[in-house]
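Chain by chain, the residues run as shown.
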Amino acid sequence: KLLETSGSLVWGKDDSTLYFMTMDEQHRPYRLYQRKDWKSDQATDTLLKEELDDMFWAHVYKSLDGKFIFFETASKETSEVFFLPTDKETTTTEMQCVAPRRNKVLYEVEHGHGNWWIWTNVDGSPNMKL
């Protein structure tokens, strides 16, 4: 069965779990799904996150070390990021928020080598700061 995706997809911890985005009527990526056992005829899709504000676009990515799946949603001046540990993808679908959405605050998140990296424009930084 073909997936109707935005073109944004990532593998989970191994090749049994797939994460993919779908688009709304305006072709805006807005829903993140987790597909387990994607190779079988009994594949199941679970909606993990949904961005309903049409000013925001969303995408999915995996951390540098492969330990987290991220759902990032952002407008031109505001962003919000959620994460799911890949070692818990078989037991939970609850994504945790890094920092709640705040007007005119942008941030990006990455994880690697046992460290979290967060870039932000908070405190009026004209360029993103670490």
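You'll find the structure just up there.
A. Focus on the packing of aromatic side chains. With the rule as written, the count across this model stands at 8 aromatic pairs. Judged by centre distance (5.6 Å) and plane angle (80°), the ring pair of Phe68 and Phe83 falls under edge-to-face. Of this pair, Phe68 sits in strand β6 (residues 68-74) while Phe83 is found in strand β7 (residues 79-85), placing the two residues 15 residues apart along the sequence. Judged by its relative accessible area of 12%, Phe83 is buried. Taken together, a centroid distance of 6.1 Å and an interplanar angle of 80° make the contact between Phe70 and Trp116 edge-to-face. Taken together, the positions of Phe70 in strand β6 and Trp116 in strand β10 (residues 115-120) put the pair 46 residues apart, joining distant regions of the chain. Here a set of aromatic residues connected by ring pairs shows up, and it is made of Tyr61, Phe68, Phe70, Phe83 and Trp116. The ring of Phe56 has Arg101 lying over it, and the distance from NZ or CZ to the ring centre is 3.9 Å.

B. Summary view of the side chain of Thr86. Mapped onto the secondary structure, Thr86 falls in the loop between β7 and β8 (96-97). Those residues in contact with Thr86 that sit more than four places away from it in its chain are Lys13, Gly66, Lys67, Phe68 and Ile69.

C. How the structure looks around the environment of Leu47. Along the chain, Leu47 falls in strand β4 (residues 44-50). For the pair Leu47 and Leu32, spaced 15 residues apart in sequence, the C-alpha separation works out to 6.0 Å. Residues in contact with Leu47, not counting those within four places in the same chain, are Arg31, Leu32 and Tyr33.

D. Region of interest: the nonpolar core. Counting 12 residues, the largest nonpolar core is built from Val10, Tyr19, Met21, Leu32, Leu48, Ala58, Val60, Ile69, Phe71, Phe82, Leu84 and Met95. For this core, the elements supplying multiple residues, two or more each, are β2 (17-23), β5 (57-62), β6 and β7. Ignoring sequence-local partners within four residues, the contact set of Met95 consists of Leu32, Leu48, Lys49, Ile69, Phe70, Phe71, Phe82, Phe83 and Leu84. Within the second largest apolar cluster, 7 residues are counted, among which are Phe68, Phe83, Tyr107 and Val109.

E. Expanded view of the environment of Thr46. One can find Thr46 in strand β4. Overall, Thr46 belongs to the partly exposed group, its relative accessible area being 28%. Along the backbone, Thr46 and Arg28 are 18 residues apart, and their C-alpha atoms lie at a distance of 19 Å. Setting aside anything within four residues of it in sequence, one finds Thr46 in contact with Leu32, Tyr33, Gln34 and Thr93.

F. Representation of the pattern of salt bridges. The tally for this structure, following the rule as stated, stands at 6 salt bridges. The partner of Arg31 in a salt bridge is Glu50, with the nearest N and O atoms 2.6 Å apart. Of this pair, Arg31 sits in strand β3 (residues 29-36) while Glu50 sits in strand β4; the two residues are 19 residues apart in sequence, bridging distant segments of the chain. Given a relative accessible area of 31%, Glu50 falls into the partly exposed group. The closest approach of N and O atoms between Glu80 and Arg101, which form a salt bridge, is 3.2 Å. A residue pair is termed long-range when its members are at least 10 positions apart, and Glu80 in strand β7 and Arg101 in the loop between β8 and β9 (107-112) qualify at 21 residues.

Scoring rules and cut-offs
Residues numbered from 1 in each chain as written. Predicted model: local features only at pLDDT ≥ 70, side-chain atom pairs only at ≥ 80, totals over all residues. Heavy atoms only, no water. Phe/Tyr/Trp six-rings, centres within 6.5 Å; stacked < 30°, edge-to-face > 60°. Helix = DSSP H or I, 4+ residues; strand = E, 2+ residues; numbered from the N terminus. Buried < 20%, exposed > 50% of the residue type's maximum accessible area, 1.4 Å probe, protein only. Lys NZ or Arg CZ within 6 Å of the ring centre and 35° of its normal. Contact = heavy atoms within 4.5 Å. Core = buried A, V, L, I, M, F, W, Y, C linked by side-chain atoms within 4.5 Å. Salt bridge = Lys/Arg side-chain N within 4 Å of Asp/Glu carboxyl O.

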